[in-house]
Amino acid sequence: MLPSVSRSTRLLSARLSASRPLAHFRTHMDPDSNRPVETTIRTKLTERFKPDFLEVHNESHMHAVPPGSESHFRVLVVSSQFAGLPLIQRHRLVNEALKEELSSCVHALAIQAKTPEQWGMDPTLGKSPPCMGGSKGDHTVEEKLKAGRE
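All residue numbers refer to positions counted from 1 along the written sequence of the respective chain. For a predicted model such as this one, the threshold for reporting local features is a pLDDT of at least 70, and the threshold for listing and counting side-chain atom pairs is 80 or more; totals across whole chains, interfaces and linings nevertheless cover every residue. Each side-chain value is worked out from all heavy atoms of the structure, with water and hydrogens disregarded.

As annotated in an unreviewed UniProt entry, the chain carries the name BolA-like protein 1 and is attributed to Cyprinodon variegatus. What the UniProt record of the chain gives under Sequence similarities (unreviewed entry) is the line "Belongs to the BolA/IbaG family." UniProt positions are given in the numbering used here, feature names are shortened, and annotations may be inferred rather than shown by experiment. The annotation that UniProt attaches to the chain under Function (unreviewed entry) is "Acts as a mitochondrial iron-sulfur (Fe-S) cluster assembly factor that facilitates (Fe-S) cluster insertion into a subset of mitochondrial proteins. Probably acts together with the monothiol glutaredoxin GLRX5. May protect cells against oxidative stress."

Structure follows, in structure tokens:
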């Protein structure tokens, strides 16, 4: 896409997103019994933060894990409960809500935790870098994946 077209598309998209009330946003993906870890993450974050917007992305396919794995996730949580909290405290709260999964079946979790105001100004989900193969040398990944299937 041409840079000027891309820039104007981003600006229009940002204006449209900022002009829509957050109440119009729904949870991005429906729960799926074939993705129990993803479903659990979605449920726990919804119960804990009552988010205005929530996205849970299984990014395991981008890493050195078997097909169908649920080990690498990216979450975007938009909640008024984050108001006034520094970013590190927001991440700690998300990690605390998912401590069981992080200690068993989830190997990696990328977090974006925004207030509704921040989301209104920048309604984007960050991109994940390509896998550098770091989990190939981590022998606990296989154990975590096995635990997640049980």
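Still more ground to cover, so stick around.
Chemist: Please provide a residue-by-residue account of the overall build of the chain, values included.
Modeler: A count of helical and extended segments in the chain gives six helices and three strands. Here a strand is any run of E in DSSP of at least two residues, a helix any run of H or I of at least four, and the numbering for each starts at the N terminus. Ordered by position in the sequence, the α and β elements of the chain form the string α-α-β-β-α-α-β-α-α. Split into buried and exposed, the 150 residues of the chain put 34% on the buried side. Sequence separation of at least 24 residues holds for 69% of the intrachain contacts in the chain that already meet a minimum separation of 6. Here the Shrake-Rupley method, with its probe set to 1.4 Å, supplies the accessible areas, and only the displayed protein chains count as covering residues. If you sum the accessible surface of the chain, you get close to 9200 Å²; carbon and sulfur atoms cover 56% of it. For every residue, the accessible area obtained with a 1.4 Å probe (protein chains only) is divided by the maximum for its type, and the residue is called buried under 20%, exposed over 50%, and partly exposed between those limits. Throughout, a contact is declared for two residues whenever any of their heavy atoms are within 4.5 Å.

Chemist: Can you tell me about the environment of Gly-68, naming the residues and giving the values?
Modeler: Take Gly-68: it is sitting in the loop between strand S1 (53-58) and strand S2 (72-78). For the pair Gly-68 and Asn-58, spaced ten residues apart in sequence, the C-alpha to C-alpha distance is 9.7 Å.

Chemist: Let's hear about unusual backbone geometry: which residues, and what values?
Modeler: Phi angles above zero are rare outside glycine, and Lys-50 is one such case at about 45°. The residue Lys-50 is located in the loop between helix H2 (36-49) and S1 in this model.

Chemist: Go over the nonpolar core, please, and point to the residues and values.
Modeler: Throughout, nonpolar core names a set of buried Ala, Val, Leu, Ile, Met, Phe, Trp, Tyr and Cys residues whose side chains join them through atoms within 4.5 Å. By size, the foremost hydrophobic cluster in this structure holds 19 residues, and its most contacted members are Ile-41, Leu-45, Phe-49, Val-75, Val-94 and Leu-109. Elements supplying a minimum of two residues to this core: H2, S1, S2, helix H3 (87-97) and strand S3 (108-114). In terms of residue count, the dominant contributor to this core is H2 (four residues). Here Val-94 is in contact with Leu-45, Phe-49, Val-75, Phe-82, Leu-109 and Ile-111, once residues within four sequence places are set aside.

Chemist: Give a detailed account of the pattern of salt bridges, specifying residues and quantitative values.
Modeler: One speaks of a salt bridge when a side-chain nitrogen belonging to Lys or Arg is within 4 Å of a carboxyl oxygen belonging to Asp or Glu. What the rule picks out here adds up to seven salt bridges. Glu-38 is the partner of Arg-35 in a salt bridge, and the nearest nitrogen-oxygen pair spans 3.0 Å. What makes Arg-35 partly exposed here is its relative accessible area of 27%. Glu-96 is the salt-bridge partner of Lys-99, the closest N and O atoms lying 3.2 Å from each other. Owing to a relative accessible area of 51%, Lys-99 belongs among the exposed residues under this scheme. One salt-bridge network, held together by shared partners, links Arg-35, Glu-38 and Arg-42.

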